[in-house]
Amino acid sequence: MSLAERLHNIFLGNARAHGVFNVTRDREKDGKKQGYARVIQEPTTIGHWEKHLAGDAGLGIIPIKDNNHCHWGAIDVDNYTIDHRVLIEKLKKHKFPAIVCRSKSGGAHVYFFFKEEIAAEELQPKLGEIASVLGYSGSEIFPKQTQILVDRGDT
């Protein structure tokens, strides 16, 4: 199984849409990518993952599904001087079962995966609490919402 296929199976999310990020330029002062994000109303495919892994297109999986449940959640720590090892030790100390990845800009993405779906209304505030315990309150939390109105076309 290819890496694209494995990621596609791990990051189970909204079946109707996904996000894309189109880079317009790198910021001069910190090298962070500038551009624009948008939601594409179509299912995520392995092809999208292949383009993402090749660096051809940014891909954002929407963790909340139509039943308002998630198989995973994330904390996006936009601290570009973060010591990733210290963050991992904090997670271990508190026995938080997470995976830490360095973001392209040098921050951290802290991922939590679940064998069974969890309600977004339970997950989102818990991730906010964990971010606070780790010293990163105010970090962006995914899922961003606790429910979506499918009949209205929300994603």
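Anyway, here's the lowdown on the structure attached to this text. (Residues numbered from 1 in each chain as written. Predicted model: local features only at pLDDT ≥ 70, side-chain atom pairs only at ≥ 80, totals over all residues. Heavy atoms only, no water.)

### Some details on a nonpolar patch on the surface
At step 1: Taken together, the side chains of Ile-10, Ile-99 and Phe-113 define a hydrophobic patch exposed on the protein surface, amounting to about 240 Å² of accessible area.
At step 2: Examined against the element boundaries, Ile-99 turns out to sit in strand β5 (residues 99-102). (Patch = residues over 30% accessible without salt bridge, like charges linked within 9 Å, V, L, I, M, F, W, Y side chains within 5 Å. Areas by Shrake-Rupley, 256 points an atom, 1.4 Å probe, with all protein chains shown as cover. Salt bridge = Lys/Arg side-chain N within 4 Å of Asp/Glu carboxyl O. Helix = DSSP H or I, 4+ residues; strand = E, 2+ residues; numbered from the N terminus.)

### Brief notes about the sheet that holds strand β6 (residues 108-119)
At step 1: Strand order across the open sheet formed by four strands is β5-β6-β4-β7, with antiparallel pairing between neighbours. Each edge of the open sheet carries a strand with a single partner, namely β5 and β7 (140-142). The average undirected angle you get between the axes of adjacent strands in this sheet is 25°.
At step 2: Two elements, strand β4 (residues 69-77) and β6, share eight bridges in a ladder whose sense is antiparallel. Bridge assignment links Gly-73 to a residue of β6, and that residue is Phe-112.
At step 3: Sheet strands touched by helix α3 (residues 84-93): β5 and β6. Its angle to β5, the strand with the most contacts, is close to 170°. (Pairing = 2+ DSSP bridges. Axes fitted to C-alpha atoms, helices over the stretch in contact; angles between N-to-C directions. Contact = heavy atoms within 4.5 Å.)

### As for the nonpolar core
At step 1: Ile-75, Val-77, Leu-87, Val-110 and Leu-127 are the most contacted members of the largest nonpolar core, which has 22 residues in total.
At step 2: Sorting the residues of this core by element identifies β4, α3, β6 and α4 (120-133) as the ones contributing at least two each.
At step 3: With five residues, α4 is the largest single contributor of residues to this core.
At step 4: Setting aside its immediate chain neighbours within four residues, Val-77 contacts Ile-82, Gly-107, Ala-108, Val-110, Tyr-136 and Ser-139.
At step 5: Among the nonpolar cores identified, the runner-up in size contains nine residues, and Ala-4, Trp-49, Ile-61 and Tyr-111 belong to it. (Core = buried A, V, L, I, M, F, W, Y, C linked by side-chain atoms within 4.5 Å. Buried < 20%, exposed > 50% of the residue type's maximum accessible area, 1.4 Å probe, protein only.)

### Focus: α3
At step 1: Taken residue by residue, α3 has His-84, Leu-87 and Leu-91 as its buried positions. End-on view of α3: buried residues confined to an arc of 60°, all on one side of the axis. Residues Arg-85, Lys-92 and Lys-93 are exposed on α3 and point more than 90 degrees away from its buried face.
At step 2: Where the residues of α3 are buried, they touch β5 and β6.
At step 3: By the N-cap criterion, in which a side-chain oxygen at the helix start approaches the backbone nitrogen of a residue two or three places on, α3 is capped by Asp-83, the distance to Arg-85 being 3.0 Å. (Arc of directions from axis to C-beta. Polar contact = N/O pair within 3.5 Å; in protein donor to acceptor, adjacent residues only side chain to side chain.)

### Topic: the packing of helix α1 (residues 3-10) against helix α2 (residues 46-53)
At step 1: Running from amino to carboxyl end, α1 crosses α2 at an angle of 115°, the nearest separation of the two axes being 9 Å. At the point where α1 passes α2, the crossing takes the right-handed sense. Judged by residue contacts, Leu-3, Ala-4, Glu-5, Leu-7 and His-8 of α1 engage Ile-46, Trp-49, Glu-50 and Leu-53 from α2.
At step 2: The residue makeup of the contact of α1 with α2, split by class, is six nonpolar, one polar and two charged. (Left-handed = near helix turned anticlockwise from the far one by under 90°. Nonpolar A, V, L, I, M, F, W, Y, C, P; charged D, E, K, R; others polar.)

### Let's talk about the pattern of salt bridges
At step 1: Within this structure, the stated rule accounts for six salt bridges.
At step 2: Two residues, Lys-65 and Glu-117, come together in a salt bridge whose shortest N-O distance is 2.3 Å. Taken together, the residues span a long stretch of sequence, with Lys-65 in the loop between β3 (58-60) and β4 and Glu-117 in strand β6 at a distance of 52 residues.
At step 3: Look at Lys-65 and you get buried, because its relative accessible area is 17%.
At step 4: For Glu-117, a relative accessible area of 31% corresponds to the partly exposed category.
At step 5: Note that Lys-92 is salt-bridged to Glu-89, the shortest N-O span being 3.9 Å. Of this pair, Lys-92 and Glu-89 both sit in helix α3, three residues apart, which is roughly one turn of the helix.
At step 6: For Glu-89, a relative accessible area of 46% gives the class partly exposed.

Just geometry here; none of it tells us what the structure is for.
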